[in-house]
Amino acid sequence: MKWRKKYFSACFYLFLSLVPLQENRQFGSKMTDSKYFTTTKKGEIFELKAELNSDKKEKKKEAVKKVIASMTVGKDVSALFPDVVNCMQTDNLELKKLVYLYLMNYAKSQPDMAIMAVNTFVKDCEDPNPLIRALAVRTMGCIRVDKITEYLCEPLRKCLKDEDPYVRKTAAVCVAKLHDINAQLVEDQGFLDTLKDLISDSNPMVVANAVAALSEIAESHPNSNLLDLNPQSINKLLTALNECTEWGQIFILDCLANYTPRDDRESQSICERVTPRLSHANSAVVLSAVKVLMKFMEMLPKDLDYYGTLLKKLAPPLVTLLSAEPELQYVALRNINLIVQKRPEILKHEMKVFFVKYNDPIYVKLEKLDIMIRLASQANIAQVLAELKEYATEVDVDFVRKAVRAIGRCAIKVEQSAERCVSTLLDLIQTKVNYVVQEAIVVIKDIFRKYPNKYESVIATLCENLDSLDEPEARAAMIWIVGEYAERIDNADELLESFLEGFHDESTQVQLQLLTAIVKLFLKKPTETQELVQQVLSLATQDSDNPDLRDRGYIYWRLLSTDPVAAKEVVLAEKPLISEETDLIEPTLLEELICHIGTLASVYHKPPSAFVEGSRGVMHKRLPARTGSGEGTECPDVGNAAGGSAPEAAPSIIPSQGDLLGDLLNLDLPAVLCNILIMSKLNSSLLSPQLGGDIGGSPAMGAGFGAAPTVMPASLNAPVGGGLGDLFDLGGGVGMPMGAYIPPKTVWLPAMKAKGLEISGTFARRAGVIQMELVLTNKAMSVMTDFAIQFNRNSFGLAPAGPLQVLTPLGPNQTIEVSLPLSTVGPVMKMDPLNNLQVAVKNNIDVFYFSCQYPISMLFVEDGKMERQVFLATWKDIPNDNESQFQIQDCHLNSEAASNKLQGSNIFTIAKRTVEGQDMLYMSIKLSNGIWVLAELKVQAGNPNYTISLKCRAPEVSQCVFQCYEAVLKN
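Quick caveat: nothing in here was measured; it's all calculated off a predicted structure.

How each quantity is defined
Residues numbered from 1 in each chain as written. Predicted model: local features only at pLDDT ≥ 70, side-chain atom pairs only at ≥ 80, totals over all residues. Heavy atoms only, no water. Helix = DSSP H or I, 4+ residues; strand = E, 2+ residues; numbered from the N terminus. Buried < 20%, exposed > 50% of the residue type's maximum accessible area, 1.4 Å probe, protein only. Contact = heavy atoms within 4.5 Å. pLDDT = per-residue confidence, 0-100. Pairing = 2+ DSSP bridges. Salt bridge = Lys/Arg side-chain N within 4 Å of Asp/Glu carboxyl O. Axes fitted to C-alpha atoms, helices over the stretch in contact; angles between N-to-C directions. Parallel < 35°, antiparallel > 145°, perpendicular 65-115°, else oblique. Left-handed = near helix turned anticlockwise from the far one by under 90°. Nonpolar A, V, L, I, M, F, W, Y, C, P; charged D, E, K, R; others polar. Expected span 1.5 Å × (residues − 1). Polar contact = N/O pair within 3.5 Å; in protein donor to acceptor, adjacent residues only side chain to side chain. Core = buried A, V, L, I, M, F, W, Y, C linked by side-chain atoms within 4.5 Å.

1. Things to note about the overall build of the protein chain
Right, on to step 1. Looking only at helices and strands, the protein chain features 42 helices and 13 strands.
Right, on to step 2. Counting all 971 residues of the protein chain, 52% fall into the buried class.
Right, on to step 3. Put simply, 69% of the contacts in the protein chain that link residues at least 6 apart link residues at least 24 apart.

2. Focus: the confidence of the model for the protein chain
Right, on to step 1. For the protein chain, per-residue confidence averages 78 on the pLDDT scale, and residues scoring 70 or more make up 82% of the total.
Right, on to step 2. Note on residues 1-31: pLDDT under 50 across the span, and 37 contacts to partners over four residues away in sequence or across chains.
Right, on to step 3. Confidence drops under pLDDT 50 across residues 628-737; counting only partners more than four residues distant or on other chains, this segment forms 203 contacts.

3. Structural notes on the pairing of strand 4 (residues 788-791)
Right, on to step 1. Residues A788 and Q790 of strand 4 are buried on one face, and the alternating residues I789 and F791, pointing to the opposite face, are buried as well.
Right, on to step 2. As paired strands, strand 4 and strand 7 (residues 836-842) are joined by four bridges and run antiparallel to one another. Bridging from a neighbouring strand, A788 pairs with K842 of strand 7.

4. Quick look at the environment of D124
Right, on to step 1. As for its position among the elements, D124 is in helix 8 (residues 118-124).
Right, on to step 2. Separated by ten residues in sequence, D124 and A134 place their C-alpha atoms 8.8 Å apart.
Right, on to step 3. Those residues within four positions of D124 in sequence are excluded, and the remaining contacts are K96, Y100, I132, R133 and A136.

5. Concerning the sheet that holds strand 6 (residues 815-823)
Pairing between sheet strands relies on hydrogen bonds along the backbone, with the strands arranged either parallel or antiparallel.
Right, on to step 1. One open sheet holds the five strands; their spatial order is 1-2-3-6-5, and the pairing between them is antiparallel. Lying at the two open borders of the sheet, with one neighbouring strand each, are strand 1 (746-749) and strand 5 (799-800).
Right, on to step 2. Two elements, strand 5 and strand 6, share two bridges in a ladder whose sense is antiparallel. Residue pairing for strand 6: P800 is matched across the bridge by L822.

6. With respect to the pairing of strand 9 (residues 883-888)
Right, on to step 1. Taking every second residue as pointing to the same face, the buried face of strand 9 carries S884, F886 and I888, while none of E883, Q885 and Q887 on the other face is buried.
Right, on to step 2. Bridge count between strand 9 and strand 13 (residues 946-952): six bridges; the pairing is antiparallel. Bridged to S884 within strand 13 is L950.

7. Focus on the pattern of salt bridges
Right, on to step 1. Tallied over the entire structure, the rule returns 30 salt bridges.
Right, on to step 2. Measuring nitrogen to oxygen at the nearest pair gives 2.9 Å for the salt bridge that ties K291 to D254. One end of the pair, K291, is in helix 18 (residues 283-296); the other, D254, is in helix 16 (residues 246-256), and 37 residues separate them in sequence.
Right, on to step 3. Salt-bridge contacts for E484 lead to K520; the nearest nitrogen and oxygen are separated by 2.7 Å. Remark: K520 occurs in helix 29 (residues 508-524) and E484 occurs in helix 27 (residues 472-484); sequence separation between them is 36 residues.

8. Considering the environment of S949
Right, on to step 1. Tracing the backbone shows S949 in strand 13.
Right, on to step 2. Taking relative accessible area as the criterion, S949 reaches 1% and is therefore assigned buried.
Right, on to step 3. Other than its neighbours up to four places away in sequence, S949 contacts W875, E883, S884, Q885, L934, A935 and E936.

9. So, the packing of helix 16 against helix 18
Right, on to step 1. In the contact formed by helix 16 and helix 18, the axes pass within 9 Å of each other and the chain directions differ by 15°. It follows from the interaxial angle that helix 16 and helix 18 lie roughly parallel. Where helix 16 crosses over helix 18, the two elements pack in a sense that is left-handed. Packed against helix 16, whose contacting residues are E246, W247, Q249, I250, L253, D254 and L256, the element helix 18 presents A284, V285, S288, A289, K291, V292 and F296 at the interface.
Right, on to step 2. Grouping the amino acids of the contact of helix 16 with helix 18 by side-chain chemistry returns nine nonpolar, two polar and three charged.

10. A closer look at the packing of helix 30 (residues 530-541) against helix 31 (residues 547-562)
The description of two helices packed together rests on the angle between their axes and the distance between the axes.
Right, on to step 1. Running from N to C, helix 30 and helix 31 cross one another at 140°; their axes reach a closest spacing of 8 Å. Compared by their axis directions, helix 30 and helix 31 come out oblique. Once helix 30 is placed against helix 31, the crossing between them reads as left-handed. Only L549, R550, G553, Y554, Y556, W557 and L560 of helix 31 make contact with helix 30, whose side of the interface consists of V533, L537, S538, A540 and T541.

11. Looking at the side chain of D162
Right, on to step 1. Within the element layout of this structure, D162 appears in the loop between helix 10 (146-160) and helix 11 (165-181).
Right, on to step 2. According to the relative accessible area criterion, D162 is buried, its value standing at 11%.

12. As for helix 23 (residues 397-413)
Right, on to step 1. Given a rise of 1.5 Å per residue, 17 residues ought to cover 24 Å, and the 24 Å separating the end C-alpha atoms of helix 23 matches this to within 8%.
Right, on to step 2. Taken as a whole, helix 23 has its buried residues at F399, V400, R401, A403, V404, A406, I407, G408, C410, A411 and I412.
Right, on to step 3. Looking at the buried residues of helix 23, the elements they touch are helix 21 (362-375), helix 22 (381-391), helix 24 (418-430) and helix 25 (434-450).
Right, on to step 4. Two or three places before D398, at the opening of helix 23, D396 has a side-chain oxygen 3.2 Å from that residue's backbone nitrogen.

13. Notes on the nonpolar core
General note: in soluble globular proteins, nonpolar side chains tend to be found buried as a group.
Right, on to step 1. Ranked by internal contacts, the top residues of the largest apolar core, which has 210 residues, are Y102, F121, L156, L388 and F448.
Right, on to step 2. Non-local contacts of L156, meaning those with residues more than four positions away in its chain, are made with V137, M140, A171, C174, V175, L178 and F191.
Right, on to step 3. Ranked by size, the runner-up nonpolar core spans 64 residues in total, among them F787, F791, C852 and V939.

14. Brief notes about the side chain of T777
Right, on to step 1. When you line up the elements, T777 lands in strand 3 (residues 769-778).
Right, on to step 2. Polar contacts involving the side chain of T777 include one to the side chain of T815, which spans 3.2 Å.
Right, on to step 3. Leaving out residues up to four positions away in the same chain, T777 has contacts with G756, L757, E758, L810, Q814 and T815.

15. Topic: unusual backbone geometry
Right, on to step 1. Backbone torsion omega between D832 and P833 reads 0°, so that peptide bond is classified as cis.
Right, on to step 2. Inspection of the secondary structure puts P833 in the loop between strand 6 and strand 7.
Right, on to step 3. Residue K755 is not a glycine yet carries a positive backbone phi of 55°.
Right, on to step 4. We note that A767 has phi near 50°; this positive angle belongs to a residue other than glycine.
Right, on to step 5. Checked against the element boundaries, A767 lands in the loop between strand 2 (757-766) and strand 3.

Here it is as structure tokens:
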């Protein structure tokens, strides 16, 4: 209720400010409006009731002011509702405003009484004074009572077409408010069409308010095409942009940001007309203009002269924002942080403006520090380091810590500066300031990880400060350094033993690091440290309650006792190099945040769906594809596999991962599976009207994800051929099938792009179950847990058939193999290429996105062997235009070996015949969604090149099927 009190208090003072000075003077020269808030009489309601019904206009107005004052401070004056409503019939604009303010507050609690005001609204909407007409329509929109709304449609319709632009612009906003109360009523009354017409209005403020109203309505209905923007309407908006108020400009610029130009010429034209807004005094207008330019720059070729000019024009307004108040500076810096990650070249010459001032608040200092690191390069690293060294002597402890860490990040980011950074850190260690020393040790550990065997000469200096370390992170870093370089430290065993004395008092982080360091020391100096390693293993396994520590202790103990060589390979394995880029925002999220510059999303660095309640319908935005990049191209329609009517055409643009992956941070897998099953019934397949292949019901899935059944399906063991000789003049049947082809594992998500998580894998089909075989490797320095996975819609409805089973935390440098069973009953959407799969993997650190391509042979089902008569009839029935011919080169198998190999992947030979020394194999394949593919494979002895002809009612599948033939036969 606090905001409401403040709102009405503000409104009340605003209305009272309209009273002429002479009126106040008649109550005494020193009288002010504050008197209305100081009365505390008993029986006040009764007195007010009498005054409201007075015949004297001045007394009536004074009474209404007292009522509003009481309402503002929280008193219940709803009992006066009919008396206040009676005061509406007045020509006094001030009194009318006060009564309308009372109505807005109490109409919801007195809906039956509020109907009394309807006639007055209707009358006021036809008043000669445009201010009264606008006031009436504005109040109508604020009274959220269903019983009244239907009576207000006709007055609103008239006001939308009023001759006065002030009334029209007020009515435009009222449509959005009415839509929020009763959306169906607004659509039925045709108000949305009237709003669209107002975009062409001659008055720029009317245009701005119409755009604002339509944008508001479109946000609650993301799939509707209310703002049907085209070059003509964009031109009208740009014309209005120059003439409307600053807030009107923001509405129009935000609307422009949702438009995707047809080509780079249109994009440049819009940029040229938006660029003057960069010099506006209102920072909100500047940020909205930056958002439009950042988006449309994506479509401009980088070699274009205008592209370079635009980059130069973007820097000064962003720099100017940093001269505002601290709060505005912070908002600007959060937005600049995003811009620098996307286009660092914009501000690469403006490093000095991000240098910290002594009187900056801490939140501004920390944000500037972060941007300094992002802009650091070989050209400016000297001045950056000089600044950071200065910051490290400040009095603010948190800021000093960040500054020291920033020096380490510079060393990791700019290799040429690493030596200078290390020297700076050593100077800071010599200051002997405790928290500076500890932060320096933490970052030097990271520098050792980035540049192994380069700066180890400083270890002696670090060891001198061992006794001063009291923070867990610093102690763990120092222990890691001692264990990693134990062979270079003469008294490494003594140093580690000193930590071991208070083992149980240490934090878990220190205990784990100490355990690993002592095991490393033992593997490097086994004769001298046997007693020490036994002591730490005993402490970790027998005297500790921590399961992580105990498990690691047991693993080391068993490794050392059974296979010391293997232990050495595991514990002393080469560490992956670390990267400075791990704190960058994930590219897909960054694109979305760039589209939200100037909003809360750009301050939080989170998409609106993460913090806006009821945002499930929010449309995820992304930057347009650069002209000629091939992104967003349309896929050709896929024909009907069963010969019936063609299915609905696929959407021309495949939605981004964010649109369809759902909120993985709150992933509830059982609910997701239910949703997939429901969606499979609602979404007709783009490749076939029916989803064939009962993969979801495979017995293997009930038995623990991918556990192979003991008996192979009969269709796999059955020999092919047999009995077709009379038809095709065939030879005998073909031999037993070989195993199914499984592609080699490839890296799908590099660690550099996923904050240290590397994902590689492949796909396989085992006993009728499709498996996604993943290898997860943690190359970061923190433990990873809480894994979950989700797929985007795809061509064949692939979806996880269960949760991602990562049962134990994935520690640093650990690798785990996971087999994820897949079903083919998920939502369907045609992809390009057809076998493309967009995946999101979530863990405790972040959500990561990647794309991979699965071999379509995974979808070849076991009952894909056609009867001979059906094969002949189907071959003749499929049009010749649907036939595709391909060459398979450098394949040295005879026809029988080729047939056996293909049958292992559910490509069945129906018949074989020999014509003029050339073997002809006739084959059939059935996909999981019911599509049949027929093939003729020509194999000639001594010729390593095969010819394959494929016929299918969905010819788009043929290319993927040919790739499977090639992969299976050549591997």
